[in-house]
Protein chains: 2
Amino acid sequence: MPTIQYAGRPGVLDLSWGHPHPDALPVGDWAAATGAALREFGWQALAYGHEAGPAELAAWLCERLTVTDARAPVPAEVFVTAGASHALELLSTQLVEPGDVVLVDAPTYHLALRVLADRGAELVEVPPDPGALEEVVTRLRRAGRTVGLYYLVPTFTNPTGVSLPDPARRSLPVTADRLGLTVVEDDTYRELAYDGPAPPSLWALGDGAPVVRIGSFAKSVAPGLRLGWLTGPPGLVAALVRRGYVDSGGGVNHTVALTMAAFGRSGGFDRHVASVVRRYRGHRDALVAALHAEGVACPVPAGGWFAWLPGAPALPAAEAAGVSFLPGRVFFASGGPDDHVRLSFSMLGPADLAEAARRLAPLLRAAGPALRRPSPGGPTATRRRPSPG
Amino acid sequence: MPTIQYAGRPGVLDLSWGHPHPDALPVGDWAAATGAALREFGWQALAYGHEAGPAELAAWLCERLTVTDARAPVPAEVFVTAGASHALELLSTQLVEPGDVVLVDAPTYHLALRVLADRGAELVEVPPDPGALEEVVTRLRRAGRTVGLYYLVPTFTNPTGVSLPDPARRSLPVTADRLGLTVVEDDTYRELAYDGPAPPSLWALGDGAPVVRIGSFAKSVAPGLRLGWLTGPPGLVAALVRRGYVDSGGGVNHTVALTMAAFGRSGGFDRHVASVVRRYRGHRDALVAALHAEGVACPVPAGGWFAWLPGAPALPAAEAAGVSFLPGRVFFASGGPDDHVRLSFSMLGPADLAEAARRLAPLLRAAGPALRRPSPGGPTATRRRPSPG
């Protein structure tokens, strides 16, 4: 039984893990923030917390979202969660019944697919396109199926690294409202914007539309804290507060939530995010430059932790060459197509990323000319979409 | 939006809250433990944690259970949770399908009933008695129902404060095994033993029997931490580890779990538990003595946070007199009978508890002679059980 989830393999530069770089974790700062929170809030920092999360974190978060998003929530629209994954588990429990269809983007975050499948949902791939959504929803409902949710990561997407462009971004909340869908917007990477601000969230754009946005402190601060949040209609927040589990235990990560409030108010969060943005921008640049130097085209993600490259080198061959990644097929509910790889540039530093690119390049080149097609864009790359599955 | 869950009412001594006394929360100690954990484990304290919980906490917990229970688990039998309520939510998701019957003790922890009902289970009350269990299970299965779980709090029970006596304690795991039931043993109060050690857990007694025991740090350390654990068959632990939500986020409360490991290893946990046991024993003694002085018989709970008194004073009248409690009916899945009150002696200190007893006594006395029957026992009181409802 180990301490952490990550398990390294000697000799392999492993770009499969969407985990932070060890040096990006605020070890000293978090000790200081914990001390500050316990001094400021005293016993209240250790008591059963307010079910929707402590007022102090909600207030600070609403302020932070005036900086990073186009619209800030009010506290009644905020529910503090035990991480983004917990938020999705909670939402699927609250909004999905076993046997329902849940629509999902393709490719999309592979473990979100697992969370939704665990709820007993049938997953159907559809791109965030009004026509495609309408066609799929109509067909499924005609067949008697219940279709309520649409899950996607529209900003600095896992796995593609790119963002849903306008006009699809602006039209999606409207389409969802018209079709009676709730959009579950996984907005985990908003803080990690390397070339200017992140695009506005679907939640912000869809003022009043049925959008629930999931946010996280896993990438901006530390995943071990298991702290996230969601913004959604006050009625949904109230329904989550009424769950027996939440009533019984109070706020789902109270002490950590108050510590984050102290970290935020002190300016520590802003400083830390600025430093991780610099760090991961440097990681991205190192990976992209090394791939380009090897003659491998690489779309340049404007944020997040991932690059998505065409190609399908065999994983055993890659690992024999000392490099690893996640094959594209895992990011599809249908299990395919397998014509891309996801490279995570978060956990390894620039030198390791450059070496990983050198090891990987011959394998990508060997996969043929498709790999040499031009990058679909520079820092402002829009999203490349496969056909609906 | 407040900071904490507790909301006081001016002029009311409120014995309805199962919350800790503010002075029992280790504010300074927890800051020190956090600093120590971050120094010892460094970035690993903030990374994605091992899915079942960090090895260090599991190892310490296994040691602690050699002191407080009759059998210690091995690490493969331990899964660290985000509190006892989260453990029950997770278990009900994993082990119950909507429409299943879940058997529950009566009276039992009222919010556990809510958690199980949220899963879509139908709750059926049955006492932890071999004959009653067999009769109910047989009847329900003959009627085509799926019956898989039996939930109870056998030690320092919420709400009664007393513990399941032998021989029922020893026979229950055997009965469950024979009937193909999994016992979910809510063992939240084990550390709070005031008159000698807690009885062995059903999990410990039922070596190899299908018992899953839920433990918690909410009462022994602090509820805001949202840290708990369960011991169960390695196959169940492995199934929880495989959930998409757990795979996605890693250990469900990693940083806090490693901090608890540091707190435990340093001896801080042992010292803190000794102090809270002294404190709550004093609370119990003050409440019981004040009730006795007022001529109200009160069973003496040997552990935990609750006393369970016969009587059903009207809550509005009590609150008008400046005292509150939870009426007995809420602890029954069937909503009754309403012939007891639960008094929590955790959150208020001895002087307030004595004053609350003085305010409550006339109302209890006014409810008639049933209130004057002798206490069913002293410190070693065994459990008084209502008929199956």
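For the structure given in this document, a descriptive report is provided here. (Residues numbered from 1 in each chain as written. Chains lettered and ligands numbered in written order. Predicted model: local features only at pLDDT ≥ 70, side-chain atom pairs only at ≥ 80, totals over all residues. Heavy atoms only, no water.)

1. Describing the sheet that holds strand β4 (residues 122-125) of chain B
All names here are of chain B. With mixed pairing, the seven strands of this open sheet are ordered in space as β2-β8-β7-β6-β5-β3-β4. Sheet topology places β2 (78-81) and β4 at the edges, where each strand pairs with a single neighbour. Each strand axis lies, on average, 25° off the axis of its neighbour in the sheet, ignoring direction. In the sheet, strand β3 (residues 101-104) pairs with β4 via four bridges, with the strands oriented parallel. If you follow Val-101 over to β4, its bridge partner there is Glu-122. In the packing of helix α2 (residues 55-68) onto the sheet, the strands contacted are β2, β7 (211-216) and β8 (228-231), and the crossing angle to β2 comes to about 110°. (Pairing = 2+ DSSP bridges. Helix = DSSP H or I, 4+ residues; strand = E, 2+ residues; numbered from the N terminus. Axes fitted to C-alpha atoms, helices over the stretch in contact; angles between N-to-C directions. Contact = heavy atoms within 4.5 Å.)

2. Structural notes on the relation of the copies chain B and chain A
Once chain B is rotated about the relating axis by 180° and shifted along it by 0.0 Å, it coincides with chain A to within an RMSD of 0.0 Å. These values place the two chain copies in the arrangement generated by a two-fold rotation axis. (Least-squares fit on C-alpha atoms with pLDDT ≥ 70 in both.)

3. A few points about the interface of chain B and chain A
Taken together, the 68 residues of chain B in the interface contact 68 residues of chain A. For the pair chain B and chain A, the two sides together bury roughly 5,800 Å², of which 62% comes from carbon and sulfur. Put simply, Glu-89 of chain A and Arg-243 of chain B hold a salt bridge, and the shortest N to O gap is 3.2 Å. Inspection of the region where chain B meets chain A yields 40 residue pairs in polar contact (both at pLDDT 80 or more). Only α1 (27-41), α2, α3 (84-95), α4 (110-118), α9 (244-249) and α10 (254-265) of chain B provide two or more residues apiece to the side of chain B that touches chain A. (Buried area = accessible area lost by both parts, 1.4 Å probe. Salt bridge = Lys/Arg side-chain N within 4 Å of Asp/Glu carboxyl O. Polar contact = N/O pair within 3.5 Å; in protein donor to acceptor, adjacent residues only side chain to side chain.)

4. Overview of the packing of aromatic side chains
Applying the stated criterion across every chain yields a total of 20 aromatic pairs over all chains. Lying across the ring of Trp-203 of chain A, Arg-71 of chain A places its NZ or CZ 3.9 Å from the centre. (Phe/Tyr/Trp six-rings, centres within 6.5 Å; stacked < 30°, edge-to-face > 60°. Lys NZ or Arg CZ within 6 Å of the ring centre and 35° of its normal.)

5. A word on the side chain of Asn-253 of chain A
By the element assignment, Asn-253 of chain A lies in the loop between α9 (244-249) and α10 (254-265). Given a relative accessible area of 2%, Asn-253 of chain A falls into the buried group. When sequence neighbours within four positions are dropped, the list of residues in contact with Asn-253 of chain A reads Ala-82, Leu-225, Arg-226 and Leu-227 of chain A together with Gly-224, Leu-225, Arg-226 and Asn-253 of chain B. (Buried < 20%, exposed > 50% of the residue type's maximum accessible area, 1.4 Å probe, protein only.)

6. Considerations on the side chain of Asp-69 of chain A
All names here are of chain A. Relative to the helices and strands, Asp-69 resides in the loop between α2 (55-68) and β2 (78-81). A polar atom in the side chain of Asp-69 sits 3.0 Å from the side chain of Arg-213. Residues within four places of Asp-69 in sequence aside, it is in contact with Arg-190, Pro-200, Ser-201, Ala-204 and Arg-213.

7. Observations regarding unusual backbone geometry
All names here are of chain A. Cis rather than trans, the peptide bond between Ala-106 and Pro-107 has omega equal to 0°. Residue Asp-166 is joined to Pro-167 through a cis peptide bond whose omega torsion reads 0°. With respect to the element layout, Pro-167 can be found in the loop between β5 (147-152) and α6 (168-179). Despite not being glycine, Arg-226 has its phi angle at roughly 50°, a positive value. Position of Arg-226 relative to the elements: it lies in the loop between β7 (211-216) and β8 (228-231).

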